[in-house]
Amino acid sequence: MLRIFHTADWHLGHHLHGVSRQLEHQQFLDWLLDEMHNKQADALIVAGDIFDSANPSSAAQSQLYDFLVKARTRLPNLDIILVGGNHDSASRLDAPSPILNALGVTVVGGLSRGDQGNIDWERLLVPLTNAESEIKAWCGAMPFLRNADLPTGEQDSDPLISGMKTLYAELFEKLQQKAGNAESLILTGHCYMVNGAVSELSERKILGGNQHALPVELFPDDIAYVALGHLHLAQRVGANEHIRYSGSPIPLSFDETDYSHQVVQVDIRAGQPVETIAVKIPRSVQLLRIPNGKDFAVLSDVIGQLENLTLDDLPIEQRPLLELRIRLEKPEPGLRQQIEEVIAKLPVRLLKVSTAYSGSEKNLADLKIEERLEELQPLDVFQRCYQNKYDKEAPDAMNALFNELVESLQGTE
C-alpha cells in the first residue's frame, strides 16, 4: 500500500482584514506533521498556492522551509511534492529546487523549457515509494498553467481547454512510459473544474466565467488519483471519488466560519480503487460571525448576541476573530462607539463590521450591502468602471481580454 496526504491552498502569509494568520498556519503545519507521522504517510502532495502572494514575506518563506526541514527529520522516507498555484511565483518556488531536491523535496513552480522551447517533462515525473523504498506510483506534478504555457495554433473552439488537454495528454504519455504495470499513476492540477463549488469571498478564479471551467475529461481513465488545488472547499469533481480538491487548511474568509477544513488521506493498493479519507483539521483560532450565516440583524439584536457570548480569556493572538453584520434603515453615526463599548468587555478581536441598508421598505430582499474594495474580484471592479463610463455592460470579449491581462500578471514578481 501507498499512503498519500493531499493538501493545497496553504496561502502562507495570508492576512484576514489586516490580521496575520501565521499562528493558525503554524498550528496546522505542526498538526500535519503529527498526523503524517502517526499514520505512517509515504508521500505529501501540496497542490498549489503555497504562498498567498507572488512576493511572500520572509516570515512566510521561513515557515515553509522550517516545515520541510522538520518533515525530512521526522519522516526521512517521506516523498514531498510541491507545485505552484496561481498565487505563487513560479520562478520564486523553483529557485531553491536544487537544494530541496537534494533533501528529497520535489518543487515544480511552473513549466520550464529548454533552448529549443521543449517542455522539460522529466522534472514533472516523480516516483513515490513505500516504507520499503519500493516505487508504488508515479506522479505527474503539473503546476498551475498560464496562457503562456499553452500550445499555440489550437483549432478548437476553446483554445484554453484544448491547450490544457494537449499538455495533460502529453504528461500522461510520459507517465505511462515511466511506470511499470504494477505502479499507479497520479496527477496534480491547480485549476477550476466544471461545477466546482467556490468560497466566494476568499477565492480569485483563475479565469472568468464557466467557459474556462475545465471538463473532467481532462484526466484519463487510467489515473488512480488526481490531487487538485485552487478551490478552497474540499470536494470531489462530479461523481469521481478519485478526483478531489483537498480545500484550504484554514478558513480564508468569514464565509467559511462553519466549514470543517480537511486534508485528504489517499490509500492506494494495487488493483483496487483508491480509498480517500477526510482527515479533519482542528481549528486553532475561532471565527465568529454575528448573526451566523449570511443574514444581517438589527443593531439591538447584534449587541444582545454579543452580550450573551461566553468566551475563554485567551492570549490576544488566540482570541476569536469577529465579524458583525448589521442591518440599518439609515446611517447610524454612533454605530462604532456602541459596538466598541460592548467589545471592550469581551476577549475577541473585531475585524469587520458589515452594514446593509434596507431603507423604509425594511425588506431583506432590498438590502444594499456595503462592499469593500478588498472583497471585489478584479473583474468586478473593471465591469463597474466600464458601466460607469459607457453606461452599459462590458462585452464578453472585453471581459475575456481583461481576464487574460490579470492572469498574465498573477505569479509575476
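Residues numbered from 1 in each chain as written. Predicted model: local features only at pLDDT ≥ 70, side-chain atom pairs only at ≥ 80, totals over all residues. Heavy atoms only, no water.

Looking at an unreviewed UniProt entry, one finds the protein chain named Nuclease SbcCD subunit D, with Methylobacter tundripaludum as its source organism. According to UniProt, the comment filed for the protein chain under the heading Subunit (unreviewed entry) is "Heterodimer of SbcC and SbcD." Its UniProt record, at the heading Function (unreviewed entry), says of the protein chain: "SbcCD cleaves DNA hairpin structures. These structures can inhibit DNA replication and are intermediates in certain DNA recombination reactions. The complex acts as a 3'->5' double strand exonuclease that can open hairpins. It also has a 5' single-strand endonuclease activity." (UniProt positions renumbered as here; feature names shortened; annotations may be inferred.)

Asks: Help me out: how do you make sense of the overall build of the protein chain in this one?
Replies: Secondary structure summary: the protein chain contains 9 helices and 19 strands in total. In the protein chain, which comprises 413 residues, the proportion classed as buried is 52%. Look at the contacts in the protein chain between residues 6 or more apart in sequence, and 69% of them connect residues 24 or more apart. For the protein chain, the exposed area adds up to about 19500 Å²; of that, 48% sits on carbon and sulfur atoms. (Helix = DSSP H or I, 4+ residues; strand = E, 2+ residues; numbered from the N terminus. Buried < 20%, exposed > 50% of the residue type's maximum accessible area, 1.4 Å probe, protein only. Contact = heavy atoms within 4.5 Å. Areas by Shrake-Rupley, 256 points an atom, 1.4 Å probe, with all protein chains shown as cover.)

Asks: So what exactly am I meant to see when it comes to helix H6 (residues 299-307) here?
Replies: Along an α-helix, residues three or four apart share an orientation, since each turn contains 3.6 residues. Among the residues of H6, those classed as buried are Leu299, Val302, Ile303 and Leu306. Buried residues in H6, looked at end-on, bunch into an arc of 95°, giving them a common side. Looking at the buried residues of H6, the elements they touch are strand S15 (287-290), strand S16 (297-298), strand S17 (321-328) and helix H7 (335-343). (Arc of directions from axis to C-beta.)

Asks: Explain the packing of H6 against H7 here, please?
Replies: How two helices pack is summed up by the angle between their axes together with the distance between the axes. Where H6 meets H7, the closest approach of the two axes is 10 Å, and the angle between their N-to-C directions is 15°. Accordingly, the angle class assigned to the pair H6 and H7 is roughly parallel. The two elements H6 and H7 meet at a crossing, and its hand is right-handed. Every residue of H7 that contacts H6 at Leu299, Ile303, Leu306 and Glu307 is listed here: Leu335, Gln338, Ile339, Val342 and Ile343. Classifying every residue of the contact of H6 with H7 gives 7 nonpolar, 1 polar and 1 charged. (Axes fitted to C-alpha atoms, helices over the stretch in contact; angles between N-to-C directions. Parallel < 35°, antiparallel > 145°, perpendicular 65-115°, else oblique. Left-handed = near helix turned anticlockwise from the far one by under 90°. Nonpolar A, V, L, I, M, F, W, Y, C, P; charged D, E, K, R; others polar.)

Asks: In this structure, what is going on with the sheet that holds strand S10 (residues 225-229)? I would like to understand it.
Replies: Remark on secondary structure: sheet strands pair via backbone hydrogen bonds, oriented parallel or antiparallel. Taking strand neighbours across the sheet as the criterion, the 6 strands line up as S7-S8-S9-S10-S12-S11 in an open arrangement whose pairing is mixed. The open sheet is flanked by strand S7 (125-129) and strand S11 (235-237), the only strands paired with a single partner. Averaged over all pairs of adjacent strands, the angle between their axes in this sheet comes to 30°, without regard to strand direction. In this sheet, strand S12 (residues 240-245) lies alongside S10 in parallel orientation, the contact comprising 3 bridges. (Pairing = 2+ DSSP bridges.)

Asks: Quick question: what am I supposed to make of the side chain of His190 here?
Replies: Mapped onto the fold, His190 is located in strand S9 (residues 184-190). Since its relative accessible area comes to 2%, His190 is described here as buried. Polar side-chain contacts of His190 include one of 2.9 Å to the backbone oxygen of Ala47. Side-chain polar atoms of His190 contact the side chain of Asp49, separated by 3.3 Å. (Polar contact = N/O pair within 3.5 Å; in protein donor to acceptor, adjacent residues only side chain to side chain.)

Asks: Please clarify how the environment of Arg92 should be interpreted in this entry.
Replies: Take Arg92: it is sitting in helix H3 (residues 90-94). Arg92 sits in the partly exposed class, given a relative accessible area of 25%. Sequence-wise, Arg92 and Pro56 are 36 residues apart; in three dimensions their C-alpha atoms are separated by 9.4 Å. Of the polar contacts made by the side chain of Arg92, one reaches the backbone oxygen of Ala54; its length is 3.1 Å. Here Asn55 takes part through its side chain, which lies 3.2 Å from a polar atom of the side chain of Arg92.

Asks: Explanation requested: the packing of helix H1 (residues 22-38) against helix H2 (residues 58-74) in the structure shown.
Replies: It is at 11 Å that the axes of H1 and H2 come closest, and there the two elements cross at 15°. With respect to H2, the axis of H1 lies roughly parallel. Between H1 and H2 lies a crossing of right-handed hand. Touching Gln22, His25, Gln26, Leu29, Asp30, Leu32, Leu33, Asp34, Met36 and His37 of H1 are Ala59, Gln63, Asp66, Phe67, Lys70, Ala71 and Arg74, all from H2.

Asks: Hey, could you run me through the environment of Tyr386 in this one?
Replies: Summarising the element assignment, Tyr386 is placed in helix H8 (residues 378-390). Accessibility expressed as a relative area gives 13% for Tyr386, which makes it buried. Taking the C-alpha atoms as reference points, Tyr386 and Met398, separated by 12 residues in sequence, lie 9.9 Å from one another.

Asks: Would you take a moment to explain unusual backbone geometry for this structure?
Replies: Of all residues except glycine, most have a negative phi; of all peptide bonds, most are trans. Cis geometry is adopted by the peptide bond preceding Pro291, which originates at Ile290 and carries an omega value of -5°. In this structure, His11 is a non-glycine residue whose phi angle is positive, near 55°. The residue His11 is located in the loop between strand S1 (2-7) and strand S2 (15-16) in this model. For His11, a relative accessible area of 1% gives the class buried. Unusually for a residue other than glycine, Ser133 sits at a positive phi of about 65°. Along the chain, Ser133 turns up in the loop between S7 and strand S8 (135-140). Residue class for Ser133 comes out exposed when judged on its relative accessible area of 54%.

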